[in-house]
Structure formats: C-alpha cells, structure tokens
Protein chains: 2
Amino acid sequence: MQRQSPISHDLASGGPGDEARGRRPMPTLLPPPLARGVDPCVGDVGVVTTHHASWHEPLVLESGAVLGPVTLAYETYGTLDATRSNAILLLHALSGDAHAAGRHTPDDRKSGWWDAMVGPGKPFDTDHYFVICSNVIGGCRGSTGPASIDPASGQPYGAGFPVITIADMVAAQIRLIDRLGIARLHAVAGGSMGGFQALQWAIAAPERVANVVMIASSARSSAQTVAWNAIGRRAIIADPRWRGGAYYGGEPPVDGLAVARMIGHVTYLSEPALEQKFGRTMQHATPAFTLAQEFAIESYLEHQGRVFNERFDANSYLYITKAMDYWDVPQRYGSLDAALRRTSARFLLLSFSSDWLYPPAESRIIADGLTRLRRPVASLELDSCAGHDAFLVDVAAQCAPLARFLGGALP
Amino acid sequence: MQRQSPISHDLASGGPGDEARGRRPMPTLLPPPLARGVDPCVGDVGVVTTHHASWHEPLVLESGAVLGPVTLAYETYGTLDATRSNAILLLHALSGDAHAAGRHTPDDRKSGWWDAMVGPGKPFDTDHYFVICSNVIGGCRGSTGPASIDPASGQPYGAGFPVITIADMVAAQIRLIDRLGIARLHAVAGGSMGGFQALQWAIAAPERVANVVMIASSARSSAQTVAWNAIGRRAIIADPRWRGGAYYGGEPPVDGLAVARMIGHVTYLSEPALEQKFGRTMQHATPAFTLAQEFAIESYLEHQGRVFNERFDANSYLYITKAMDYWDVPQRYGSLDAALRRTSARFLLLSFSSDWLYPPAESRIIADGLTRLRRPVASLELDSCAGHDAFLVDVAAQCAPLARFLGGALP
C-alpha cells in the first residue's frame, strides 16, 4: 500500500533490463511480506566478521577539537567488482552498529539489524553489490568513542571525549572508503540518523556518491526530537552512577540509560501500534493495587531498558544524541537549497505514514528542495502503522522501490 | 475556529434569554482571545482561601484498603443560592489543586489554574453559580496523600499509602458535596484527569449530577499514556533519594520527578507548538560543542522540572499517575455503553485538534456512546495548535460553548 507524493516517480513497478543484466528478478510491486530468512527467493549473507580500520592521523572535528587515533568498526558483504564501482555504504541509526547482516557465529541467534534488506536477491543485493556498513565515531560498538582510551591520559575519555557531529561521523567514514580504495559509492543508504549521514555524504562528498537513500529521516532535528533526546541525557547525567562520565571499571548509570531508552522506544512506535501490541493488558486479570509495574507495556519498556544496557554505553548515548540534536542542514549551509545545490546524487526518500518522530513532512521538505533544484528524486510515503520503527520492521513495502532505485530506475 | 463533529450541537452561537435572566452578555461566537484579567467584560473572584474538610470515618477504597482520616482541600467562589441548586464542581488535572481561581493574597503574582474561566461574567460565572474546586486524595496540595501522617505509625505514609483510583477520588469528593449540603450539582467539569473525575461522578452518582463537562479527556488511559506515566514513575523510583518512598524530612527525589515532569511537558505540547515556541533556538549563535544544555527547549524543560519540584511531592506523582493508568471505564463496567447507561446528565465534550495525549478521537468515543444511548451530548473538536495544553491556554474558543451549555442550551 503506497501513496506516492506528487513528485514521486514510479520505482515500484517492474522495469526492463534486470534479467538482461544477469540479475535475479527484482521483487515486484507489493510483494508478500518478507519473513527473515524464510523467503525462498532471497538468501542470507551467512557468517560475517566485524573489521576495524584505524588511523593515527588525528581527525579535525567540526568543533575544532582533534580526535586521534581513530578507529571505525565496519562489515562488508558481497564482492567489490573489478571497476570498484558496485559499493554501497549502509549507515545506521542511533543505537545501531556495523553488523547490518548475517551472523557472527553459525549458532548466533540474532542476525544483523538490516538483515532483511541485505543478501543475495534482497534489495541490497550481495550478488551484485559490495555492501559496507560503517559504525560511527562516538559509538561504543568497536569505533572510537567515550569508552576508548584517551592517549593523553591513558584513561577512558568519558565526558572528556570531544563533542562530535554528523559531519564528523561522515568525515571518519570518508577515510574508511578511501582505505577500501573506492573512489565513488554506488549508493549511501540509511534510516533515521543513518539518513542524516547519507544526506551529509551527498553534501560533503558529492563526487563520491551516485545515489542516496534516506528512510524515515530529516534534514534537521525538530524541537520535539531535541526535547526527547535532552530528557534522556538529563536522566543519564542525573544518575549518580554516571559520576561525571567516569564510571568505567565501576557500575554504569543503568537507570538513567534505561529511562532514556524507554522514552526512545515510545517515540519509535505509533499510538495505534502500542494499542495493538500491548493495549491495556496487565499481568493479572485484575489490578494489583500496588506501585509495581503491572501493565504489559511497562514490562516491555523495562525489558528494552535492560537489554539496551547490555549492549550500549551511556556516554555514547549522550554524544550520539547530541550529534543528532546539532543536525541542522539549513543552518549549517545557510539554507536547505544551498546545501542541496552541492549534491549531485539521485535521491530516494521513503517515509511512513504513522512515523511521528520523523514524519513524512520532513522527507517532503527535502524532496521539495531537490525538485526545486531539478535534481532527480523520488519520494514515497508508505502506509504503515508501525511508527518510526517501520523503517526496520515494515520491510516488504520498501523492497521493490529500493531495488528499482538502486538498479537505476528513476526520473 | 471550530469544527463540529456530526453529533455536535450549536452551542457556540449566541441565544436569547441571557440578558432576560439578568446575566451579563455571554461571549459571542469567536470572541477575541481572553487575556487574563484584562477583558473589561469579565471580573476576577478576588482574594480566596483554601478550606479543608476532614472525616474521621475511613473511606473504603476500590482496592478494599481503608483510608482514614481523610481530608480534602477545596475552594469556593460565588454564593450558594437558596435552593442549593447552583453549585458547580471543578475537578483538576494531574498536577492541579483546589486553587482554581483568584489569588491567595492581594499581591499574589499567580492566580488559580482556571482563573480565565471562573469569575463574574466568565463561563463558570460566579454571579450565578456557586463554584467549588476540590483537590484529590493522593495529592500533596492539602488533601490526604502519601505525605500525610499514617495514624498507624505516626510517620508519613510514603509508599505505604494505599493505591487509589479515580473512583476513590470521587468517593471522597461525594463526602465533600454532602458536607456542603448540596444534593445535586448543576455541573461537574474538568480537563484531562479532571474529565476522568467528571465522568466518574456521572456514572457513580447520576442523581447528583445534572451536567458534565469533559475537556481533552478520555474514558480510559491509552497504552501510550500508561507508557509515559510508567517511565516517569520509573525515573522517580530509580532516583536513590526516593528511598522506598521514605524521603520525608530528607532530600526528595528531585531528579526523578524533574524527568517525569519533563516527559509530561513534551506530551502536553504539540510538535508545531514546540517548533513555534522554541524551534532550534540556542543560548548562543553557534553550538557550544559541550554536553551542557544549550537549546531553549532544554532550558524550558529544566525550568519546568525545577518549579514542579517546588510544589509537588514525588510520591503523589506516583499515586496519581497510577490512578490515571487504572482509568478504564469500559473494563470497570463491562462496556462503555453499560457505564454510560448509568448516567443521566447532559454532556459537553471539548477536544483539541492538536492534542495527541487525549486526542479528539477519545472524546468522540464517549460522544458516540452517549448518542447510541440517545443521551443529550454535544461534542466539539476545537482547532488549536497548543496540544493537550490547549484546555488551559486556548480559553477563548471554549468560553462560548461552555457558557451556553451551562446556561441550558443543548440538544
């Protein structure tokens, strides 16, 4: 079920040339929902390994501070072709990492965060593309971040880590793409904060990006997004275990990070999705009349807070949300048009009807800007009740337009 | 600017009889915005005093627990007429209190929370009505709540206070109305949680309520409302200063309560209102590149958290939000229709287009139920960009329909 905005172009219907180029048939319009790993048409990338690229040369950040050495965690899937022209860079959201697809061990129970989209026959088709997923600096999943050792002190940076921006994340990724010997990416693609990075790539390094995919994203963080992020940071910093950010080796601020994550989770879901998933279900048939958690939605949020603490560093949450809050393309370049004028890539913008964190209107602003500049752009607003989460869970509707766009169909 | 739902009735236009009954002219359709205290047509109630009514006889709560003694704080404005038939009971929202109108001292800088609506010539017209505003049990503004002394221990109840419900709040208020010698209220009226109490009054004591005004309210708390409340409670309980609720005499959990309040404030405002009020304004022209708060929206939220701590008890926040989460009229009475069938009052439901916490759809559910039962109801969805806060700040659009409804115009 797709509603196309006035400026959208037909990426969803099949087109000629796919078979001629030796590709598997692309998913057709409105394919059946993809269950992870069970669709016979598509395959998995199998067991994968996270790599790390490091640079001694310091990175000069947007703030003027320098960060070095710098390490980026990344994974790759598929094979770089002889002309080095088939590389696609995937960029992750706030809590993502370099592990976009496959499993780290054969008995790994969880696959990568975008596994439904990456693999043989999937939109990021590893039979045809060399797919790279890069982590971000400031993170805690293998790249240089506040938990890394500050060479000046021999101790973890903690709150002494420099404040970074989306542009800084991309500056580090440009080094990675240099090191992989790739002059020009076939595409950069990401959802949410991953979309921020994709747009920044197209603005900062236009000669190196042929196609941009922004999903459920925006050209700037809204006041409401800043508010939610700020409350999350407030909860972390107020947790006495945060200790000015110097908690490494001791107890981390698990309560603050849990509250931040719980706020995030409510913003990722739509109100109808919450009603449908949890409604007012309680642990028991009748109210317990205590202050304890008893609604299903409470248990869900508590669980999300707990598992997030197992894999994420509270200081990274502070730095990455701050980078998101600073995200404001119009402010940085004088105007949105001034920024978009620097780009030369084709754009695909996908948004979801029930996403109230990065609503379709935010994608429309970018699409309208590109249209004003007569740049090739397709913008699709997909019907979904999954809220912002749709970019990760409502995969079926995204497959066809994404595959067609990457295959060259457009404006 | 009003959109009327199909079942709404014309309460907004002027009608005959107001002057004939010796009343000041009611605001006409689309009056100019009311600035507090500067509209020459309306007056203030002046200096008022909060009263306290107490009962030694314990109140049996919905949980089966008993609470006693019980005290309720309340204020009154205007004069009870000879037939005791002109009383209107106002009911407040989560963080409200008995001080609806006027000032406590002549140099009091702030007036009561519904001052724009209560006074001579205002919709709750003290020239004609005897207006009562009752606080709730569980609160911290003069009524029995967790900060009160538990007679069993001689210490503050703290987390030993029994869990209460909206029905329990109303049961206590029924005692107050008994004591005031009022058999039947001309109206009960409230916004948000005040609307919960108004509906509960109409269901639990139908013979005592002639008219019900529910503003920006609902017949049950949604999963999303429960989620926000639960995260707020989680933040309070995780604050080490909460100390199992036994913090009286020591430092209260100010950080937890601040975070809870900050979450609340974002839910009270619409996204456009946040953009309009704060946008991405920062303290300085350029980013500070620190982790410190620097966006205007951050300062606003911090301020809201701080001032809330000055006037509200964290334990009361736990108990009142829990009562709100339990609010589920259909579950309690078998179905919404079964509950509404008990009522005999006329209903006025007001909701606001940009309210995403208690959206117009929630009012429509109640209006539709009453219409199915052929009960007199008017439901107006008012255009506003103020979000849930509209019920307190967008007063002008509410005045005319409210005054007309209280004056008897309806279906």
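Residues numbered from 1 in each chain as written. Chains lettered and ligands numbered in written order. Predicted model: local features only at pLDDT ≥ 70, side-chain atom pairs only at ≥ 80, totals over all residues.

Undergrad: Got a minute to help me understand the overall build of chain A in this structure?
TA: For chain A, the count of helices and strands is 12 helices and 15 strands. In chain A, which comprises 411 residues, the share counted as buried stands at 57%. Partitioning the intrachain contacts of chain A with sequence separation of at least 6 by distance along the chain shows that 74% fall at a separation of at least 24. (Helix = DSSP H or I, 4+ residues; strand = E, 2+ residues; numbered from the N terminus. Buried ≥ 20, exposed ≤ 12 C-beta atoms within 10 Å, placed from the backbone. Contact = placed C-beta atoms within 7 Å.)

Undergrad: Hey, could you run me through the relation of the copies chain A and chain B in this one?
TA: Superposition of the two copies of the chain requires a rotation about an axis together with a shift along that axis. Of the transformation superimposing chain A on chain B, the axial component is 0.0 Å and the angular component is 180°, with the fit at an RMSD of 0.0 Å. Such a turn and shift between the copies fits a two-fold axis. In this assembly the copies share their binding face: 100% of the residues contributing to the interface of chain A also contribute to that of chain B. (Least-squares fit on C-alpha atoms with pLDDT ≥ 70 in both.)

Undergrad: Honestly, the interface of chain A and chain B in this entry has me stumped. Any pointers?
TA: Much of the literature gives interface size as the accessible area that the parts lose upon coming together. Listed by partner, the interface residues are 41 residues for chain A and 41 residues for chain B. Elements with a minimum of two residues in the side of chain A that touches chain B: α3 (223-238), α4 (254-268), α5 (271-277), α6 (296-311) and α7 (314-326) of chain A. Examining the composition of the side of chain A that touches chain B, we find that 10 residues originate from one element, α3(A), more than from any other. Class assignment for the residues of the side of chain A that touches chain B results in 25 nonpolar, six polar and 10 charged. (Nonpolar A, V, L, I, M, F, W, Y, C, P; charged D, E, K, R; others polar.)

Undergrad: Got a minute to help me understand the pairing of strand β12 (residues 187-191) of chain A in this structure?
TA: Residues in a regular strand project their side chains so that they alternate between the two faces of the sheet. All names here are of chain A. With five of five residues buried, β12 is to be regarded as a mostly interior element. Burial along β12 is two-sided: Ala 187, Ala 189 and Gly 191 and Val 188 and Gly 190, pointing in opposite directions, are all buried. For strand β6 (residues 87-91) and β12, the ladder comprises four bridges, and the chain directions are parallel. Each residue of the ladder has a partner; that of Leu 89, found in β12, is Val 188. In this structure, β12 lies alongside strand β13 (residues 211-215), joined through four bridges in parallel fashion. Bridged to Val 188 within β13 is Val 212. Regarding topology, helix α2 (residues 193-204) serves as the crossover connection from β12 to the parallel β13, and that connection is right-handed. (Pairing = 2+ DSSP bridges. Right-handed = clockwise from strand over helix to strand, strands pointing away.)

Undergrad: Even after reading the chapter, I still don't get the confidence of the model for chain A, so can you show me in this structure?
TA: Close inspection of predicted coordinates is inappropriate for parts of the model with low pLDDT. Residues and elements named next belong to chain A. Mean pLDDT over chain A: 91, with 90% of residues reaching 70 or higher. Under a pLDDT of 50 for its full length, residues 1-38 has, in the predicted model, 69 contacts with residues more than four places off or in other chains. Note on the complex model: pTM 0.90, ipTM 0.89. (pLDDT = per-residue confidence, 0-100.)

Undergrad: Is there a simple way to think about the environment of B:Ser351 in this case?
TA: Residues and elements named next belong to chain B. Residue placement: Ser 351 occurs in strand β14 (residues 346-352). When the C-alpha positions of Ser 351 and Val 213 are compared, they lie 11 Å apart, and in sequence the two are 138 residues distant. If sequence neighbours within four positions are ignored, Ser 351 has contacts with Ala 216, Pro 360, Ser 363 and Glu 381.

Undergrad: What am I meant to see in α4(A) here?
TA: Since the α-helix packs 3.6 residues into each turn, any two residues three or four apart lie on the same face. Along its 15 residues, α4(A) runs 21 Å from first to last C-alpha, staying within 8% of the 21 Å computed at 1.5 Å per residue. Of all 15 residues making up α4(A), 14 are buried, and the element is well covered by its neighbours. (Expected span 1.5 Å × (residues − 1).)

Undergrad: How do you make sense of unusual backbone geometry when you look at a structure like this?
TA: Peptide bonds are trans in most cases, and residues, glycine excluded, mostly fall at negative phi. Cis peptide bonds are those with omega within 30 degrees of zero, and the linkage from A:Gly68 to A:Pro69 qualifies with -5°. Relative to the assigned elements, A:Pro69 resides in the loop between β4 (66-67) and β5 (70-77). We note that A:Arg374 has phi near 60°; this positive angle belongs to a residue other than glycine. With respect to the secondary-structure elements, A:Arg374 resides in the loop between α10 (360-372) and β15 (377-382). Unlike most non-glycine residues, B:Phe289 shows phi in positive territory, near 55°.

Undergrad: I would appreciate a short explanation of the packing of α3(A) against α4(A) in the present structure.
TA: What describes two packed helices is the angle between their axes and the distance between those same axes. Residue and element names in this part refer to chain A. Two elements in contact, α3 and α4, have axes separated by 7 Å at closest approach and are oriented at 165°. Judged by the angle between their axes, α3 and α4 are roughly antiparallel. The crossing of α3 and α4 is right-handed. Of α4, the residues touching α3 (which contributes Trp 228, Ile 231, Gly 232, Ala 235, Ile 236 and Ala 238) are Gly 256, Leu 257, Val 259, Ala 260, Ile 263, Gly 264 and Thr 267. (Axes fitted to C-alpha atoms, helices over the stretch in contact; angles between N-to-C directions. Parallel < 35°, antiparallel > 145°, perpendicular 65-115°, else oblique. Left-handed = near helix turned anticlockwise from the far one by under 90°.)

Undergrad: Would you take a moment to explain the environment of A:Ala367 for this structure?
TA: Looking at where A:Ala367 falls in the secondary structure, it is placed in helix α10. The sequence separation of A:Ala367 and A:Val329 amounts to 38 residues, and the corresponding C-alpha distance is 14 Å.

Undergrad: Teacher, can you tell me more about the packing of α3(A) against helix α6 (residues 296-311) of chain B here?
TA: At a minimum axis distance of 9 Å, the contact between α3(A) and α6(B) shows a crossing angle of 50°. When the axis of α3(A) is compared with that of α6(B), the two are oblique. Regarding α3(A) and α6(B), the two cross each other, and that crossing is right-handed. Between α3(A) and α6(B), the contacting residues are A:Ala223, A:Val226, A:Ala227, A:Ala230 and A:Ile231 on the first element and B:Ile297, B:Glu298 and B:Leu301 on the second. Looking at side-chain class alone, the contact of α3(A) with α6(B) contains seven nonpolar, no polar and one charged residues.

Undergrad: Is there a simple way to explain the environment of B:Ala296 in this structure?
TA: In this structure, B:Ala296 sits in helix α6. Taking C-alpha positions, B:Ala296 is 46 Å from B:Tyr333, a pair spaced 37 residues apart along the chain.

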